[in-house]
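Chain and residue survey
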Amino acid sequence: MNKLILCEGKTDAILLSYYLGRVANWKFAKKGPSGLKIQSPSNNESINWYKKDEDYLLICGVGGKDNFGNFFAQRIKNPLVTTDAFEKIVIITDRDEREVNDICTALLEDMAGFFTNIQDRKWCENSYRNAFGIKKNLRLLLVIIPREHAGALENIMLSAISEDPYDRNIVDKTASFVQQIRREADKYISTERLQLKAHLGVTWAVQFPEKVFSTIDEQINSVRWEEYETLEKCFGILNEL
């Protein structure tokens, strides 16, 4: 069975892959299932396959919250219709200041009517006609990151780290530092999103100083993502993939 996760950006996709690797044993795969070809991503997108037993999972960073429809149309729709590629599809997006109903309506419109049923944190049955005119069913799940964690997946990671009072102090102090240094480092930290990434990076540098010169892969692997209640609350439903 093939499954698909569509999330906003590359960083989201990377962090989700590590979380699912820890909690559900999905392992990186150099290629996907035989006979299924997904078009290569552009510079601001990412496409990576993972495998567990005989099942495959494709995690894609679509290049922003407003690009789900375009990414689906260009990369996913044709393989889905011609090969019945996926039986389960998950869309993960930030709530920001939007209402849940508005997000659902916008996604259905962006997908150009391909899906008709979508709800936050509920697997919904949908159907489509494949290239042979045969009606096929798939399950669609929307995961909206709650408003208290709005902005980016990095916020959820920082909230999870803050569950421990000792680490919460570090998170608070690194937030102050990054906010302060941004005024003198605007060449590198020019946006709120980059400030958030810097905040997570500095936090890890303090927590794991011996790994500062290691690859980001090693640093993320040092975090026991499966132990955080915040992540379980937000993404525990993905264990049903």
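Structural notes, computed from the coordinates. Worth saying up front: this structure is predicted, and the values here are computed from it rather than measured.

A count of helical and extended segments in the chain gives 8 helices and 7 strands. By the compact-globule yardstick of 18 Å for 241 residues, the chain fits well, its C-alpha radius of gyration being 19 Å. Dimensions of the chain, computed from the C-alpha atoms along their principal axes, are close to 60 × 35 × 35 Å. Scored against the burial criterion, the 241 residues of the chain give a buried share of 49%. Put simply, of all contacts in the chain between residues at least 6 apart along the chain, 65% involve residues at least 24 apart. Surface summary for the chain: the accessible area is close to 12500 Å², and the carbon and sulfur share equals 48%. For the chain, the distance from the average site of its 32 positive side-chain charges to the average site of its 35 negative ones is 5 Å.

The subject of this paragraph is unusual backbone geometry. Phi at D53 takes a positive value of approximately 55°, unusual for a residue other than glycine. Mapping D53 onto the fold places it in the loop between strand 3 (46-52) and strand 4 (55-61). Residue D84 is not a glycine yet carries a positive backbone phi of 50°. Here D84 shows up in the loop between helix 2 (68-83) and strand 5 (88-94). On the basis of relative accessibility, which here comes to 27%, the residue D84 falls in the partly exposed class.

In this model helix 1 (residues 10-24) runs 20 Å from its N-terminal to its C-terminal C-alpha over 15 residues, within 8% of the 21 Å that 1.5 Å per residue would give. Those residues of helix 1 that sit buried are D12, A13, L15, L16, S17, Y18, Y19, L20, G21 and A24. Among the residues trailing helix 1, N25 stands out with phi positive, at a value near 65°.

Counting buried positions along strand 4 yields 6 of 7 residues, so the element is predominantly enclosed. Relative to strand 4, strand 1 (residues 2-7) runs parallel, the two sharing 6 bridges. The residue of strand 4 that forms the bridge with C7 is G61. Here strand 3 folds back onto strand 4, and the loop between the two strands holds 2 residues, one of which, D53, carries a positive phi near 55°.

Compared with an ideal rise of 1.5 Å per residue, which puts 16 residues at 22 Å, helix 2 spans 21 Å between its outermost C-alpha atoms and is within 8% of the ideal. At I76, helix 2 is deflected by roughly 50°, the largest bend along its length, and proline P79 occurs up to four residues later in sequence. Within helix 2 the residues assigned to the buried category are F68, G69, F71, F72, R75, I76, P79, L80 and V81. Backbone geometry just after helix 2 places D84 at a positive phi near 50°.

Parameters at a glance
Residues numbered from 1 in each chain as written. Predicted model: local features only at pLDDT ≥ 70, side-chain atom pairs only at ≥ 80, totals over all residues. Heavy atoms only, no water. Helix = DSSP H or I, 4+ residues; strand = E, 2+ residues; numbered from the N terminus. Rg over C-alpha atoms; globule rule 2.2 N^0.38 Å. Buried < 20%, exposed > 50% of the residue type's maximum accessible area, 1.4 Å probe, protein only. Contact = heavy atoms within 4.5 Å. Areas by Shrake-Rupley, 256 points an atom, 1.4 Å probe, with all protein chains shown as cover. Lys, Arg positive; Asp, Glu negative; His and termini not counted. Charge placed at Lys NZ, Arg CZ, Asp CG, Glu CD. Expected span 1.5 Å × (residues − 1). Pairing = 2+ DSSP bridges. Bend = angle between axes of the 7 residues up to and from the residue.

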